[in-house]
Amino acid sequence: MENQQNKKKKLAVRLLIVVYLFAMFFPFFWIFVTSFKKSGEIFGEGAFRIIPENPTLQNYITVIFDKGIFKSILTSLIVATVTTLYIILIATFTAYAISRFHFKGKSILLGIILAVSMFPQMIVVGPIYNLFMDLGLTNSYGIVLPYSTITLPIAVWILVTHFNEIPLALEESAKIDGASSIQTLFKIVFPLAAPGVFTTAIIVFIAAWNEFLLTITLNSDPAYHTVPVAISMLRTQFEILWGEVAAATTLVPIPTLLIVLFFQKQIIAGLTQGGVKE
């Protein structure tokens with residue numbers, strides 16, 4: 001009797017997982033299918049046809065050669081890479097100081113850092129826009145600077161957790177041997193926290209890659225449009241070009257997908273490193 005109940009529970013769990021995976025992956029599959037359809041098929045009688053009646057590559061040709069989606073991908077790569085490098089550098093020093101130095105208000109400081117990430121972007125966009133107008137930084141790669149409002153807090157929080165897992169005795173031994181604080185950080189702490197730092201870098205990169213509001217507000221010049229903004233511009237005065245949107249949406253995740261697949265082991269190691277208290 002118990003075995004039958006266990007089998008039913010396992011079957012129910014498996015069915016639930018299948019339904020969840022279907023709900024999660026079906027939109028991506030449908031976007032891929034739509035990218036090969038003509039406009040008439042997207043909204044016409046063949047709207048629900050899985051295999052297009054007259055498959056075409058015209059949507060891909062248009063977004064690649066006419067709309068310059070690769071230029072936007074390159075811009076996103078530059079912006080996301082620069083953002084990741086300087087955010088990780090700042091977050092590493094900040095998290096190390098919070099983790100290792102004892103001072104009053106440490107918990108309050110961490111709370112303030114977390115609170116910054118909770119501010120709606122609509123609140124900070126106005127002041128940032130006015131500042132950028134005064135400094136002449138609109139329509140430039142200076143967009144990487146305000147990206148810190150959405151990436152730095154989470155980076156600090158993740159790295160504080162990983163630094164807390166590193167035994168303090170290792171640093172004390174290094175200091176006894178004559179190592180400075182900077183040498184201890186880069187030769188002892190940083191290598192041990194590398195999986196966590198790497199995972200944080202991936203998270204920051206993806207957050208910067210997907211950012212939309214700041215870019216569309218500060219960079220009106222198409223030459224500085226990142227991928228999310230470029231996709232939102234695939235429209236005319238009266239309609240959204242869904243075929244081109246689907247084609248661009250199919251191409252855009254490839255760089256980040258390759259990064260995640262290539263560094264999968266490091267990402268998993270970083271995510272699990274701070275999860276067990278020894």
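Heads up: the structure comes first, above all this text.
Residues numbered from 1 in each chain as written. Predicted model: local features only at pLDDT ≥ 70, side-chain atom pairs only at ≥ 80, totals over all residues. Heavy atoms only, no water.

## Brief notes about the overall build of the chain
When you go through the chain residue by residue, the secondary structure sums to 15 helices and zero strands. Computed over its C-alpha atoms, the radius of gyration of the chain comes to 24 Å, more than 25% above the 19 Å expected for a compact globule of 278 residues. Residue pairs at least 24 apart in sequence account for 73% of intrachain contacts in the chain once pairs closer than 6 positions are excluded. Accessible surface for the chain amounts to roughly 17,100 Å². Of this, 70% is attributable to carbon and sulfur atoms. Measuring between centres, the 18 positive side-chain charges of the chain sit 10 Å from its 15 negative side-chain charges. (Helix = DSSP H or I, 4+ residues; strand = E, 2+ residues; numbered from the N terminus. Rg over C-alpha atoms; globule rule 2.2 N^0.38 Å. Contact = heavy atoms within 4.5 Å. Areas by Shrake-Rupley, 256 points an atom, 1.4 Å probe, with all protein chains shown as cover. Lys, Arg positive; Asp, Glu negative; His and termini not counted. Charge placed at Lys NZ, Arg CZ, Asp CG, Glu CD.)

## Concerning the packing of aromatic side chains
Summed over the entire model, instances satisfying the criterion amount to nine aromatic pairs. Measuring from centroid to centroid gives 5.9 Å for Tyr96 and Phe163, while their planes differ by 85°, and the two rings are edge-to-face. Separated by 67 residues along the polypeptide, Tyr96 in helix H4 (residues 69–100) and Phe163 in helix H7 (residues 148–164) bring together distant segments of the chain. Across the pair, Phe163 and Tyr96 agree in class, each one buried. Taken together, the ring pairs in this structure connect Phe22, Phe26, Phe29 and Trp30 into an aromatic cluster. The lysine or arginine in question, Lys106, covers the ring of Phe103, its NZ or CZ lying 5.8 Å from the ring centre. (Phe/Tyr/Trp six-rings, centres within 6.5 Å; stacked < 30°, edge-to-face > 60°. Buried < 20%, exposed > 50% of the residue type's maximum accessible area, 1.4 Å probe, protein only. Lys NZ or Arg CZ within 6 Å of the ring centre and 35° of its normal.)

## Comments concerning the pattern of salt bridges
Tallied over the entire structure, the rule returns three salt bridges. Across the salt bridge formed by Glu53 and Arg49, the nearest N and O atoms sit 3.6 Å from each other. (Salt bridge = Lys/Arg side-chain N within 4 Å of Asp/Glu carboxyl O.)

## Points about the nonpolar core
Ranked by internal contacts, the top residues of the largest apolar core, which has 27 residues, are Val63, Ile69, Ile143, Trp209 and Ile231. In contact with Trp209, not counting residues within four places along its chain, are Ile73, Ser76, Leu77, Ala80, Val227, Pro228, Val252, Pro255 and Thr256. In this structure, Ala91, Val160, Leu185 and Val204 belong to the second largest nonpolar core, which totals 20 residues. (Core = buried A, V, L, I, M, F, W, Y, C linked by side-chain atoms within 4.5 Å.)

## Brief notes about unusual backbone geometry
The backbone of Asn139 sits at a positive phi, close to 55°, despite the residue not being glycine. As for its position among the elements, Asn139 is in the loop between helix H6 (121–135) and H7. Note on Asn139: relative accessible area 26%, which makes it partly exposed.

## A look at a nonpolar patch on the surface
A cluster of nonpolar side chains, namely Val13, Ile17, Tyr20, Leu21, Met24, Phe25 and Phe28, defines an oily patch on the protein surface of about 710 Å² accessible area. In this fold, Ile17 is placed in helix H1 (residues 2–34). Judged by its relative accessible area of 44%, Ile17 is partly exposed. (Patch = residues over 30% accessible without salt bridge, like charges linked within 9 Å, V, L, I, M, F, W, Y side chains within 5 Å.)

## A word on the side chain of Thr215
As for its placement among the helices and strands, Thr215 is situated in helix H11 (residues 213–218). For Thr215, a relative accessible area of 0% gives the class buried. With residues near it in sequence (within four places) discarded, Thr215 still touches Ile143, Tyr147, Tyr224, Thr226 and Val229.

## Focus: helix H9 (residues 181–192)
What sets the pattern is the α-helix's 3.6 residues per turn: residues three or four places apart point alike. Taking 1.5 Å per residue as the helical rise, H9 with its twelve residues ought to reach 16 Å, and the 15 Å between its terminal C-alpha atoms agrees with that figure. Along H9, the residues that are buried comprise Thr184, Leu185 and Val189. Taken down its axis, H9 places every buried residue within 95° of arc, on the same side. Turning to H9, the residues buried within the fold contact H4, H7 and helix H8 (168–176). (Expected span 1.5 Å × (residues − 1). Arc of directions from axis to C-beta.)

## Examining the environment of Thr249
As for its position among the elements, Thr249 is in helix H13 (residues 242–251). Since its relative accessible area comes to 27%, Thr249 is described here as partly exposed. With 44 residues separating them in the primary sequence, Thr249 and Phe205 have C-alpha atoms 18 Å apart. Beyond its immediate chain neighbours, meaning those up to four positions away, Thr249 contacts Ile31 and Ile231.

## Some details on the layout of surface pockets
Estimated volume of the largest pocket: approximately 310 Å³. Around the largest pocket, the lining residues are Phe25, Phe28, Ile31, Phe32, Thr249, Thr250, Pro253, Ile254 and Leu257. Counting only elements with at least two residues in the lining of the largest pocket, the list comes to H1, H13 and helix H14 (254–262). By residue number, the principal contributor to the lining of the largest pocket is H1, which donates four residues. In terms of residue class, the lining of the largest pocket is built from seven nonpolar, two polar and no charged. (1 Å grid on protein atoms, 1.4 Å probe; cavity = no way out; pocket = protein on both sides within 12 Å on 5 of 7 lines; lining within 4 Å. Points joined across faces, edges and corners; volume = space filled by probe spheres on them. Nonpolar A, V, L, I, M, F, W, Y, C, P; charged D, E, K, R; others polar.)

The analysis is restricted to geometry; functional conclusions fall outside its scope.
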